[in-house]
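# Observations on the model geometry
Listed below are the residues making up each chain.
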Amino acid sequence: MFQIDQIRASFPLIHRGSQQPIPLAYLDNAATTQKPQEVIQRVQTYYENENANIHRGIYDLARQATDDYEAARVKVQNLLNASKTQEIIFTRGTTESINLVAQCFLAPMLKPGDEVVITAMEHHSNLVPWQVLCKKHQAHLKIIPINDAGEVMMEDYRALLNDKTRMVALVHISNSLGTINPIAEMTQLAKQKGIPVLIDGAQSVSHMEIDVQALDCDFFAFSGHKMYAPTGIGVLYGKTARLNAMEPYQYGGEMIRTVSYEDSTFNALPHKFEAGTPNIAGAIGLGTAIDFIQKVGLHNIHQHMDDLLQYATETLQAIEGIRLIGTAQQKTSIVSFLLDDVHPHDMGTILNESGVAIRAGHHCTMPLMRHFEIPGTTRASFAMYNTKAEIDQLAEALKKVQAIF
Ligand code: 7TS
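Along each chain, residues carry numbers from 1 onward, in the same order as the chain's sequence is written. Given that this is a predicted model, residues contribute local features only at a pLDDT of at least 70 and side-chain atom pairs are listed and counted only at 80 or more, while totals for whole chains, interfaces and linings are drawn from all residues. Hydrogen atoms and water are omitted, and side-chain values are computed over all heavy atoms in the structure.

## A short note on the overall build of the protein
The way it works is that DSSP assigns letters per residue, a run of H or I at least four long becomes a helix, a run of E at least two long becomes a strand, and they are numbered from the N terminus. Summing up its helical and strand segments, the protein has 15 helices and 15 strands in all. Note that the radius of gyration is over C-alpha atoms, with the globule rule given as 2.2 Å times the number of residues to the power 0.38. The C-alpha radius of gyration of the protein comes to 22 Å, within 12% of the 22 Å expected for a compact globule of 405 residues. Each principal axis of the C-alpha atoms in the protein carries an extent, and together these give about 70 × 55 × 35 Å. Across the 405 residues that make up the protein, the buried fraction comes to 57%. Contacts were defined at the residue level, with two residues in contact if any of their heavy atoms lie within 4.5 Å. In the protein, the share of contacts with a sequence separation of at least 24, taken over all contacts with a separation of at least 6, comes to 72%. Here the positive residues are Lys and Arg and the negative ones are Asp and Glu; neither His nor the chain ends is included. To locate a charge, take atom NZ for lysine, CZ for arginine, CG for aspartate or CD for glutamate. Of the side chains in the protein, 33 bear a positive and 43 a negative charge, and the two mean positions are spaced by 4 Å. A 1.4 Å probe rolled over the protein chains alone gives each residue an accessible area, and that area as a share of the maximum for its type sets the label: buried under 20%, exposed over 50%, partly exposed in between.

Take a look at the structure:
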């Protein structure tokens, strides 16, 4: 059972915010979500009772910390349905996961004339790493075009895949438009030609079930902080064969097997990619966030997102002067819009005074904004604790904005 009151009570910041004279409507969840008490408590417990460095101690405390850290890895493995625990690499987040693949997987093989394919709606972190690499190697970054609704044009995508394509990198859910891309079909099309695929799951992993084996993607990246976990922790999933064939990302402790002054050998997966002391508390907190999500149920969360999206779309469309940006058939949890010719930043300021926390700007998708010929949008993005009342609060605030301008 999805009990919204109980869920809201589980998030201290949401609970306190709702008791303010002007209640807080936190609608910036695509940027980062709030954290449930269980996650906050788990991190605190770790520091109070369990803190030790991992993978090296022989005393109980260090063993416990290692076990907890590795147990979190198993939780991630289960969340993604990865076949092996060693395929889960802890990183700082989506951005680092993508950079790791760009530098350790693609860079060593990229040759002049090669091509990398991405969509027109990528977050800068799934665009700039490939762009820089392509420039360095005289390769070409190819962009899958989108239609006016913000959906990828599948025929153009098919036509872009050829024997020069070395990598396809796709956002699962657009952080600016809410579009759910048909990544299963898109991955399959690339795999039929033997092209490796990375999926940016930053916006999807907290809203829908992911099965990396069914998808058959080579890499899948996400951030903990957008799924109720602490900042500074994220994941790169990679197929064993891909990860084994790659050079290490960083060099130092943890990732070595033997070191002499002349030479070093490197550790097995996943440690080969986790140089230095990792974010132990973050990983453990991520494990607790996964437990929390699974207790609520991803299916229930997805359903709630769809309900909120539908309500928000109807409510906003009823306001004269609203233009929605991103009207894909397959869409979830995010509404981006413009109101008359009010600049999104001015709007954000006035909404703030009404207790509405919302993002305004280009959302780290500047080329996408250029595609729509707009400077940016105002964006409401939902999480499991959001309500229709908060969408009403947004709508009322927008009417105030209209009255002022
Ligand atoms: N990919 C997508 C689709 C994202 O939405 C984001 C962050 C990232 C990658 C980068 O994630 P990070 O955790 O490494 O920073 N998106 C947003 C946003 O929409 N507003 O703030 C951050």
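## Some remarks on the sheet that holds strand β4 (residues 140-144)
When DSSP finds two or more bridges between a pair of strands, those strands are recorded as paired. Judged by pairing direction, the sheet is mixed, and its 7 strands sit side by side in the order β2-β8-β7-β6-β5-β3-β4 without closing on themselves. Each edge of the open sheet is held by one strand with a lone partner, namely β2 (88-91) and β4. Shown here is a sheet whose adjacent strand axes are inclined to one another by a mean of 20°, direction ignored. In the sheet, strand β3 (residues 115-119) pairs with β4 via 5 bridges, with the strands oriented parallel. Counterpart to Val117 in the pairing with β4 is Lys142. Lines fitted to the C-alpha atoms define the axes, with helices restricted to the stretch that makes contact. Angles between their N-to-C directions range from 0 to 180 degrees. Sitting on the sheet, helix α6 (residues 128-136) touches β3, β4, β5 (165-171) and β6 (197-200), and the angle it makes with β4 is about 140°.

## A short note on the site of the ligand
Any residue with at least one heavy atom within 4 Å of a molecule or strand is counted as near it. Around the ligand lies a shell of 16 residues, among which Thr95, Asp200, Ser223, His225 and Arg379 are the nearest. Polar contact is defined as a pair of N or O atoms within 3.5 Å, subject to the rule that within protein one atom must be able to donate a hydrogen and the other to accept it, and that residues adjacent in sequence are counted only when both atoms are side-chain atoms. Taking Thr95, its side chain carries an N or O atom lying 2.5 Å from an oxygen atom of the ligand. All accessibility values rest on the Shrake-Rupley procedure with a 1.4 Å probe; residue burial counts only the protein chains present in the view. Burial of the ligand by the surrounding chains reaches 87%, relative to a free accessible area of 490 Å². At a threshold of 2 Å from the grid points, most atoms of the ligand map onto the largest pocket. Buried and open spaces are told apart on a 1 Å grid over the protein atoms alone, a cavity being a set of points where a 1.4 Å probe fits but cannot get out and a pocket being an open set with protein on both sides within 12 Å along at least five of seven lines. Residues with an atom within 4 Å of a point are the lining residues. To decide whether a molecule occupies a pocket or cavity, check its atoms: if more than half lie within 2 Å of the grid points, it is inside.

## Side note on the environment of Ala328
Residue position: Ala328 is located in the loop between β11 (322-325) and β12 (334-339). Accessibility expressed as a relative area gives 8% for Ala328, which makes it buried. Put simply, Ala328 and Asn147 are 181 residues apart on the chain and 9.1 Å apart in space, counted from C-alpha to C-alpha. The contacts of Ala328, once residues within four sequence positions are left out, are Ala149, Gly150, Glu151 and Thr179.

## Let's talk about helix α4 (residues 60-80)
Compared with an ideal rise of 1.5 Å per residue, which puts 21 residues at 30 Å, α4 spans 30 Å between its outermost C-alpha atoms and is within 8% of the ideal. When α4 is considered as a whole, its buried residues turn out to be Ala62, Ala65, Thr66, Asp68, Tyr69, Ala72, Arg73, Val76, Gln77, Leu79 and Leu80. After α4 finishes, the residue Asn81 shows a positive phi value of roughly 50°. An expected span of 1.5 Å times one less than the residue number is assigned to each helix.

## Things to note about empty space enclosed by the protein
Grid points are joined across faces, edges and corners, and a volume is the space filled by probe spheres set on the points. Under the definition given, this model contains 1 cavity of 30 Å³ or more. The space that makes up the largest cavity amounts to roughly 70 Å³. Lining the largest cavity are 13 residues, and of these Asn29, Ala30, Gln203, His207 and Phe382 sit closest to its centre. Here the lining of the largest cavity is composed, by residue class, of 5 nonpolar, 7 polar and 1 charged. Note: domain ranges come from an automatic or database domain assignment. A domain-level breakdown of the lining of the largest cavity finds at least three residues from each of domain 1 (4-30 + 297-400) and domain 2 (40-294). Just so you know the grouping, Ala, Val, Leu, Ile, Met, Phe, Trp, Tyr, Cys and Pro go in nonpolar, Asp, Glu, Lys and Arg go in charged, and all remaining residues, Gly too, go in polar.

## Quick word on the domain arrangement of the protein
On domain assignment, one finds that the protein holds domain 1 (4-30 + 297-400) and domain 2 (40-294). Each of domain 1 and domain 2 has a C-alpha centre, and the two are 28 Å apart. Accessible area that two parts lose when put together, with a 1.4 Å probe and added across both, is what the buried area reports. Its largest share of buried area at the contact with domain 2, domain 1 owes to Leu298, Cys364 and Leu368, together 21% of the area lost on that side. Here, a salt bridge means any side-chain nitrogen of Lys or Arg that lies within 4 Å of a carboxyl oxygen of Asp or Glu. Counting the contacts that link domain 1 with domain 2 gives 0 salt bridges. Scanning the region where domain 1 abuts domain 2 turns up 18 residue pairs in polar contact (both at pLDDT 80 or more). When contributions to the side of domain 1 that touches domain 2 are tallied by element, the ones reaching two or more residues are α12 (298-317), β12 and α14 (366-371). Broken down by element, the side of domain 1 that touches domain 2 gets its largest block of residues, 5 residues, from α14. Partitioning the side of domain 1 that touches domain 2 into residue classes produces 19 nonpolar, 14 polar and 2 charged.

## Some words on the environment of Ala31
Checked against the element boundaries, Ala31 lands in the loop between β1 (25-26) and α3 (37-50). With a relative accessible area of 18%, Ala31 lands in the buried category. Sequence separation between Ala31 and Gln20 is 11 residues; the distance between their C-alpha atoms is 23 Å. Every residue in contact with Ala31, bar those within four places of it in the chain, is listed here: His225, Lys226, Arg359 and Arg379.

## What to know about the packing of aromatic side chains
Aromatic rings from Phe, Tyr and Trp, with only the six-membered ring used for Trp, were paired whenever their centres fell within 6.5 Å, and each pair was classed as stacked if the ring planes differed by under 30 degrees, edge-to-face if by over 60, and tilted otherwise. Applying the stated rule across the entire model yields 9 aromatic pairs. An aromatic cluster is present here, built from Phe11, Tyr228, Phe292 and Tyr385 joined pairwise through their rings.

## Describing the side chain of His225
Turning to its location among the elements, His225 is positioned in the loop between β7 (219-223) and β8 (234-238). A polar contact is formed between the side chain of His225 and the backbone oxygen of Ala31, at a distance of 3.5 Å. If near-sequence neighbours (up to four positions away) are discounted, His225 is found in contact with Ala31, Thr32, Thr33, Lys35, Pro230, Thr231 and Ile233.

## A word on the sheet that holds β12
Note on sheets: strands pair through backbone hydrogen bonds, and any given pair is parallel or antiparallel. What the 4 strands build is an open sheet, ordered β11-β12-β15-β14; its pairing is antiparallel. Of all strands in the sheet, those with a lone pairing partner are β11 and β14 (359-361), marking the two edges. Within the sheet, the average angular offset between the axes of one strand and its neighbour, ignoring direction, is 30°. Strands β11, β12 and β15 (377-381) of the sheet are contacted by helix α15 (residues 388-404), whose axis makes an angle of about 15° with β12.

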